[in-house]
Amino acid sequence: MKPLSKPLAGGALVVALSVALTACGGGTSSQKSGSASGSFDKNATIGVGSVYEPQNLDNTGGGGQGVTEALNGNVYEGLFKLTDSGKVEKQLAQSYTVSPDGLTYTFKLRDGVKFHSGKALDSADVKYSIEKVTGPKSQSARKSSLTVVKSIATPDAHTVKVTLSSKSISFIYNLSYVWIINAQAKNLKTAEDGTGPYKLDKWTRGSALSLTRFTGYWGTPATNKEVVFHYFKDATALNNALLTNAVDVVTSEQSPDALAQFKSNPAYKVNNGNSTTKLLLAFNDRVKPFNDAKVRKAITSAIDNKKLLESIWGGYGKLIGSMVPPTDPWYEDLTHVNPYDPALAKKELAEAGYPKGFDFTLDTPNYDPHPTAATFIKSQLAKVGINVKINVITPDQWYTKVYQNHDFSATLQEHVNDRDVVWYGNPDFYWGYDNKQVTQWVTQAEQSDTTAQQTALLKKVNERIAQDAASDWLYLYPQIVVASSKLSGYPLNGLNSQFYAYDIKKS
Amino acid sequence: MTVYVLRRLAFLVASLLLASVVLFLLLRLLPGDPANALTSVGATPEQLAAARHQIGSDQPLPQQFVSWLHDLATFDLGNSFVSTLPVGPEIATRIEVTGPLTLMAFVLALVIAVPVGFVAAHRANTWYGLVLSGVSQLGIAVPVFWVGMILITVFSLHLGVLPAGGFPQDGWSDPAGALRSLALPVVTVALVMSASLIRYVRSATLDVLGSDYLRTARALGSSFGGAIRRHGLRNGAVPVVAVLGIELASTLLGAVVVETVFALPGLGSMLSQAVAQHDYPTIQGVLFVTTLTVLVIGFLADLAQRLIDPRLRSTLTGGKP
């Protein structure tokens, strides 16, 4: 279904939600793990432990984020790829040109690319693949960001010409999520036909998915022979698998309590990467008293985010003070805008006309860490006279009550994707932040001619929403990859759930 | 006996129908809209309506029910809302894990419970008889996941002799691997299950030991062992077999927990995930198959009881599970 999401709790709905919170485009930084030096086993099997099992194998047909993790870049490739450090690189596109009006993109395809079935890649496959994402049956999260595609022409087998209805600086980035699929392929929900360094060996639902090196690969062959993704629903079972060498690496550790046993053991390496997942206390900015920025600022200043992060994630994760994580190009540290300061909070509350505080209901999803965070917030706000009533709801109820019907005062939610600050430019979004200037900046940013322009505009957006305390951005989650110390070359940041396995070396 | 079997079969079918109605209605009464699982967030009302139409949740309830029954009659359990793949074949592959797990655990539990229960009753006044009763009492209070975690800690993490979880990707085509994977889960379930079985065996044995017929047999010169073999076993087995049916059924449900602890791709883990995802066809399919199994087990246990005890054959009440 939605390949871009990276929710921290199970459930399709959570997956769905997180996608919603998707923006477009991406950029990040950070290095590949370990060094590629030393000898390694070219025929190694790499066991990967994950909690994100694919629903099916089609990323436009409800496959979920698990399918992105296992197949993106490994089995399927795009015209462009998003590296683990957040850069967009050419992959199946050899080169491209953009018309002066920014509306027509002409792509030349790489030579000698073969699908796993043996068929050579041509422009019809690219057209088919893009249309598969934008088509009426598509459940892709990219669908909305690719609605700017007006038409696709294929003048020859190696050329694809895409015409947009309006300028979109994120278009190339968005293409990095479009898998190029053999237009003739069948049964994509249980089989595949991609161009990547691995082909699918076997998928056993509820258990594992294995990939083996594709001998006809056009690029550098994978540095291991086989990758097996093992799926777990229980964090303890996942960690036990790592402890007993049933898996070599865990893509995303969700339980900080389990880390101690790996940190103290030289056989393992605990990697602290950059996530893009933010925990939000989102206000309904349409309703009293949260329509007053003073009130929102007061609440933000009344909550000690540092203490909250420490209690939930120990030494991991970081404070950001706004919606933008350090891996987005328009990041800046805005934690100083609304500092933790209960005295300031009281003053702001008095100025807003609530010297004695007020009562509100906090809609809290029923899975971790939301209930813990809600209790913490309740106790913090009690100190400035605000009385919080915690209302625990299921992801389903959240979706209907909060997201669809906007029937709430304040809520907790995690927003998982990179570049999702642009949602503050949409006054119809569930939190109802409505600032004409911000909406205009967001629109202009997408129409930018250069990324510098885009970056400058989105920085302004970021600063403005922080000044307005549009939401309270409690903290940024860590991205923790735990691996056997025999392993190197694995991705650390897992941007948008992808997990490139072809550079992994096992000694 | 034939009449009884037929009556019992009719009862089985009626129970199944009733169960399917209850199952169907309960799922529809859950809060939340399954169409949400199919659409991206931010879906328009039109897209949601299309999704509802696609899965048929916009139809009136009776119509949904009839079409479900119709599908069942043709052995079609429908397609999952979430994965869009057919439910039936997946249940079949999951049974390959849950089935052997349950059966092996059941047999092992019997192997443990019968002698232990017997000794606990026969030697009720010795110290080890008391210890056995006490341990079985304690075993009933112990949660399955806790036993599982202890076994993992000892046999996987410390001794490293058995896998901590998972199931070979090749399934039973790798029999040794499959058996190794199932060893700890089987022992876990068997231990917990035998705790309650021991108590049933013990009380059934106590009844037999205190019975007039056994005393008479002994008085007529039969040895203790001979009297037990000839008269005691049969009489003791009747109540135990009745309980076995129920125990086997509850083991299936216990599989949900054990499969999560051991990361096994069985029916239990399939069910728990489907519940989390509001995936009605999958929930319905799994529950339907397990309900069917439980009813059939009850039916067989009932028949077995009557085969063991001729006195029951003449009674045609047929209401006991």
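Residues numbered from 1 in each chain as written. Chains lettered and ligands numbered in written order. Predicted model: local features only at pLDDT ≥ 70, side-chain atom pairs only at ≥ 80, totals over all residues. Heavy atoms only, no water.

Draft legend 1. Local environment of the overall build of chain B. A count of helical and extended segments in chain B gives 12 helices and zero strands. Reading the helices (α) and strands (β) of chain B from amino to carboxyl end gives α-α-α-α-α-α-α-α-α-α-α-α. Along the first, second and third principal axes, the C-alpha atoms of chain B reach 85 × 55 × 35 Å. Relative to its 321 residues, chain B shows a buried fraction of 45%. Total accessible area on chain B is roughly 15400 Å²; 71% of this is exposed by carbon and sulfur atoms. (Helix = DSSP H or I, 4+ residues; strand = E, 2+ residues; numbered from the N terminus. Buried < 20%, exposed > 50% of the residue type's maximum accessible area, 1.4 Å probe, protein only. Areas by Shrake-Rupley, 256 points an atom, 1.4 Å probe, with all protein chains shown as cover.)

Draft legend 2. Quick look at the overall build of chain A. In terms of helices and strands, chain A carries 13 helices and 18 strands. Whereas a compact globule of 507 residues would reach a radius of gyration of roughly 23 Å, chain A reaches 23 Å, a difference of no more than 12%. For chain A, the C-alpha atoms occupy an extent of roughly 70 × 55 × 40 Å along the three principal directions. Sorting the 507 residues of chain A into buried and exposed places 61% on the buried side. In chain A, of all internal contacts separated by at least 6 residues, the share reaching a separation of at least 24 is 73%. Carbon and sulfur atoms make up 50% of the accessible area of chain A, which totals about 17800 Å². (Rg over C-alpha atoms; globule rule 2.2 N^0.38 Å. Contact = heavy atoms within 4.5 Å.)

Draft legend 3. Geometry of unusual backbone geometry. Residues and elements named next belong to chain A. Between Lys 288 and the following residue, Pro 289, the backbone shows a cis peptide bond with an omega angle of -5°. The residue after Asp 368, namely Pro 369, is reached through a cis peptide bond having omega 0°. If you trace the backbone, Pro 369 turns up in the loop between strand S13 (359-365) and helix H10 (370-382). Phi is positive for Asn 245, close to 65°, though the residue is something other than glycine.

Draft legend 4. The arrangement of helix H5 (residues 235-243) of chain A in detail. Of the residues making up H5 of chain A, those classed as buried are Ala 237, Leu 238, Asn 239, Asn 240, Ala 241 and Leu 242 of chain A. A positive phi of about 65° marks Asn 245 of chain A, the residue just after H5 of chain A.

Draft legend 5. Spatial organisation of the UniProt feature "transmembrane region" (unreviewed entry) in chain B. Residues and elements named next belong to chain B. Taking the UniProt record as the reference, the feature "transmembrane region" (unreviewed entry) is found at residues 101-120, 140-162, 182-201, 237-263 and 283-304. Taken end to end, residues 101-120 has its terminal C-alpha atoms 27 Å apart, with 100% of it in helix and 0% in strand. Between the end C-alpha atoms of residues 182-201 the distance is 26 Å, and the span holds 100% helix and 0% strand. (UniProt positions renumbered as here; feature names shortened; annotations may be inferred.)

Draft legend 6. Representation of a nonpolar patch on the surface within the structure. All names here are of chain B. A surface patch of nonpolar side chains, amounting to about 760 Å² of accessible area, comprises Phe 145, Trp 146, Met 149, Ile 150, Val 154, Phe 155, Leu 159, Val 161 and Val 257. Residue contributions to the nonpolar patch peak at six residues, all from helix H6 (residues 144-158). For Leu 159, the position within the fold is in the loop between H6 and helix H7 (175-209). (Patch = residues over 30% accessible without salt bridge, like charges linked within 9 Å, V, L, I, M, F, W, Y side chains within 5 Å. Salt bridge = Lys/Arg side-chain N within 4 Å of Asp/Glu carboxyl O.)

Draft legend 7. Seen up close, the pattern of salt bridges. Enumeration according to the criterion identifies 18 salt bridges over all chains in this entry. Residue Arg 205 of chain A pairs with Glu 90 of chain B through a salt bridge whose shortest N-O separation is 2.4 Å. Of this pair, Arg 205 of chain A sits in the loop between strand S8 (198-204) and strand S9 (208-213) while Glu 90 of chain B sits in helix H4 (residues 87-122), which puts the two residues in different chains. A relative accessible area of 10% places Glu 90 of chain B in the buried class. In this structure, Asp 302 of chain B engages Arg 8 of chain B in a salt bridge whose closest nitrogen and oxygen atoms are separated by 2.7 Å. Of this pair, Asp 302 of chain B sits in helix H11 (residues 280-308) while Arg 8 of chain B is found in helix H1 (residues 2-29), placing the two residues 294 residues apart along the sequence. The buried category is assigned to Asp 302 of chain B, whose relative accessible area is 0%. The exposure class of Arg 8 of chain B is buried, given its relative accessible area of 3%. Through salt bridges with shared partners, one network takes in Lys 119, Asp 122 and Asp 125 of chain A.

Draft legend 8. Region of the structure containing the packing of H4 of chain B against H11 of chain B. All names here are of chain B. At a minimum axis separation of 10 Å, H4 and H11 run at an interaxial angle of 50°. The orientation of H4 with respect to H11, classified from their angle, is oblique. You can see that H4 and H11 cross each other, and the crossing is right-handed. Here H4 contributes Val 87, Ile 91 and Ile 95 to the contact with H11, which in turn contributes Pro 281, Thr 282, Gly 285, Val 286 and Val 289. For the contact of H4 with H11, the class distribution of residues is six nonpolar, two polar and no charged. (Axes fitted to C-alpha atoms, helices over the stretch in contact; angles between N-to-C directions. Parallel < 35°, antiparallel > 145°, perpendicular 65-115°, else oblique. Left-handed = near helix turned anticlockwise from the far one by under 90°. Nonpolar A, V, L, I, M, F, W, Y, C, P; charged D, E, K, R; others polar.)

Draft legend 9. Quick peek at the confidence of the model for chain B. All names here are of chain B. For chain B, the average pLDDT comes to 82, and 91% of its residues sit at 70 or higher. Across residues 316-321, confidence stays below pLDDT 50; counting only partners more than four residues off in sequence or on other chains, it has 13 contacts. Confidence metrics for the complex model read pTM 0.83 and ipTM 0.80. (pLDDT = per-residue confidence, 0-100.)

Draft legend 10. Geometry of the UniProt feature "domain: ABC transmembrane type-1" (unreviewed entry) in chain B. The UniProt entry lists residues 95-301 of chain B under the feature "domain: ABC transmembrane type-1" (unreviewed entry), expressed in the numbering used here. Counting secondary structure, residues 95-301 of chain B comes out at 83% helix and 0% strand; the distance between its end C-alpha atoms is 21 Å.

Draft legend 11. Structural context of the sheet that holds strand S6 (residues 149-156) of chain A. All names here are of chain A. Strand order in the open sheet formed by four strands is S4-S5-S7-S6, with antiparallel pairing between adjacent strands. At either end of the open sheet lies a strand with only one pairing partner, and these are strand S4 (93-98) and S6. Sheet twist, expressed as the mean angle between neighbouring strand axes with direction ignored, is 20°. Across five bridges, S4 lies against strand S5 (residues 104-109) in antiparallel orientation. Pairing of Ser 95 across the sheet is with Lys 108, part of S5. (Pairing = 2+ DSSP bridges.)

Draft legend 12. Region of the structure containing the environment of Pro 329 of chain A. For Pro 329 of chain A, the position within the fold is in the loop between helix H8 (305-313) and helix H9 (342-351). We classify Pro 329 of chain A as partly exposed; its relative accessible area is 36%.

Draft legend 13. Region of interest: the packing of H4 of chain B against helix H9 (residues 224-261) of chain B. Residues and elements named next belong to chain B. Packing of H4 against H9 brings their axes to within 8 Å, and their N-to-C directions diverge by 140°. Here H9 runs oblique to H4, going by the angle between their axes. Two packed elements cross with a definite hand, and for H4 against H9 that hand is right-handed. Residues Thr 98, Leu 101, Thr 102, Phe 106, Leu 110, Phe 118 and His 122 of H4 pack against Phe 224, Ile 228, Leu 244, Leu 248, Thr 251, Leu 252, Ala 255, Val 258 and Glu 259 of H9. Tallied by class, the residues present in the contact of H4 with H9 amount to 11 nonpolar, four polar and one charged.

Draft legend 14. Structural context of the nonpolar core. All names here are of chain A. Ranked by size, the top nonpolar core spans 46 residues in total, and within it Leu 281, Ile 299, Phe 360 and Leu 381 carry the most contacts. Aside from chain neighbours lying at most four places away, what touches Phe 360 is Phe 290, Ile 299, Leu 381, Ile 386, Asn 387, Val 388, Lys 389 and Ala 410. Of all hydrophobic cores here, the second largest spans 34 residues; its members include Val 48, Leu 188, Phe 229 and Leu 492. (Core = buried A, V, L, I, M, F, W, Y, C linked by side-chain atoms within 4.5 Å.)

Draft legend 15. Highlighting the packing of aromatic side chains. All names here are of chain A. Inspection of the entire model under this criterion finds 37 aromatic pairs over all chains. Aromatic pair Phe 107 and Phe 171: ring centres 6.5 Å apart, planes at 50°, arrangement tilted. In this pair, Phe 107 sits in strand S5 while Phe 171 sits in helix H4 (residues 171-175), placing the two residues 64 residues apart along the sequence. For the residue pair Phe 107 and Phe 171, the accessibility class agrees, reading buried in each case. Relative to Phe 429, the ring of Trp 423 has its centre 4.2 Å away and its plane inclined at 20°; by these criteria the two rings are stacked. Take Phe 429: its relative accessible area is 3%, and that puts it in the buried class. (Phe/Tyr/Trp six-rings, centres within 6.5 Å; stacked < 30°, edge-to-face > 60°.)

Draft legend 16. Representation of the pairing of S9 of chain A within the structure. Of the pairings in the sheet, the one linking S8 of chain A to S9 of chain A comprises six bridges and is antiparallel in character. Looking at S9 of chain A, one finds that Tyr 198 of chain A is bridged to Arg 213 of chain A.

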